[in-house]
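# Per-entry structural report
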Amino acid sequence: MPRVHISQHPVMAHKMRLLRDRHTASPEFYQLVKEIGSLLAYEATSSLALREQTIETPLQETKAYRLAGGIGVTPVLRAGLGLAEGFRQVIPDVQVWHLGLRRDERTLQALEYYNRLPHEVDLQVCYAVDPMLATGGSAIDAINVLKRRNIPRLSYIGIIAAPYGLLRLSQAHPDIDIYIAELDEGLNDVGYIVPGLGDAGDRQFGTF
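As a starting point, this report considers the structure included with it. Fair warning: this is a prediction, and the values are worked out from it, not measured in the lab. (Residues numbered from 1 in each chain as written. Predicted model: local features only at pLDDT ≥ 70, side-chain atom pairs only at ≥ 80, totals over all residues. Heavy atoms only, no water.)

## Some points on unusual backbone geometry
As a reminder, the rule being used: By the criteria applied, helices consist of DSSP H or I runs no shorter than four residues and strands consist of E runs no shorter than two, each listed in order from the N terminus.
The omega torsion of the bond from Leu77 to Arg78 falls at -5 degrees, within 30 degrees of zero and hence cis. Turning to its location among the elements, Arg78 is positioned in the loop between β4 (70-77) and α3 (81-90). For Asn150, which is not glycine, the phi torsion reads 55 degrees and is therefore positive. Relative to the assigned elements, Asn150 resides in the loop between α4 (137-147) and β10 (154-161).

Structural data, given as structure tokens:
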């Protein structure tokens with residue numbers, strides 16, 4: 001899977017230890033998700049297109065660069081909100097779209113219940129962000145929704161992935177880049193990633 005990027009950054013590994021710990025309280029957990037989102041944002045945006053322009057420093061004119069086109073981030077509600085905030089810390093003027101997908105606990109399929117995407121799109125790239133890539137259903141559906149907006153380039157950003165979900169997303173959308181912090185062992189009998197970190201939404205927002 002050549003378009004799958006798994007972080008090798010030592011700071012990421014350090015923060016992931018804290019994120020996984022069952023004793024990490026919700027406020028600290030949410031802060032860690034944002035920090036990991038910022039680290040993933042730096043990795044995922046490393047190949048964005050730039051446009052040259054001339055600016056004035058306090059001493060003279062010089063050539064400089066700006067991002068060539070808008071950047072969108074679509075958090076899959078609600079667990080993706082912390083990751084989106086991490087992106088905003090790196091690129092404050094990023095456009096944040098919201099997409100609500102929930103998992104049917106019986107079928108494990110993703111169901112869309114909220115869609116707040118703009119009617120007109122002018123972006124060079126949009127990132128779908130969701131912490132956990134388990135069965136892949138929500139990620140595949142999120143990319144399907146975004147593809148209908150004719151965005152030139154799409155990527156998926158997650159924190160932890162199971163091999164099954166990563167393979168399904170790669171096969172369903174072989175044209176997108178996938179960035180994750182860590183790859184876990186697999187899924188348990190109810191579709192949760194193991195060893196994982198539990199429910200990323202509940203742990204961010206304290207709704208146990």
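## Points about the layout of surface pockets
As a reminder, the rule being used: Buriedness for pockets is judged along seven lines, at least five of which must meet protein on both sides within 12 Å for an open set on the 1 Å grid over protein atoms alone, while cavities are sets there where a 1.4 Å probe fits but cannot get out, and lining residues have an atom within 4 Å of a point. Grid points are joined across faces, edges and corners, and a volume is the space filled by probe spheres set on the points.
In this model, the second largest pocket occupies a volume close to 150 Å³. Arg66, Leu67, Gly69, Gly70, Ile71, Ile91, Asp93, Val94 and Gln95 together form the lining of the second largest pocket. Elements that contribute at least two residues to the lining of the second largest pocket include exactly β3 (61-67) and β4.

## Points about the side chain of Gln204
The criterion, for reference: Counted as a polar contact is a pair of N or O atoms within 3.5 Å, where, for protein atoms, one must be capable of donating a hydrogen and the other of accepting one, and residues adjacent in sequence contribute only when both atoms are in side chains. Should any heavy atoms of two residues lie within 4.5 Å, those residues are counted as being in contact.
Relative to the assigned elements, Gln204 resides in helix α6 (residues 200-205). Polar side-chain contacts of Gln204 include one of 2.8 Å to the backbone oxygen of Ala79. With sequence-adjacent residues up to four places away left out, Gln204 is seen in contact with Ser26, Phe29, Tyr30, Val33, Ala79, Gly82 and Pro131.

Without other data, these values stay purely geometric and don't point to any function.
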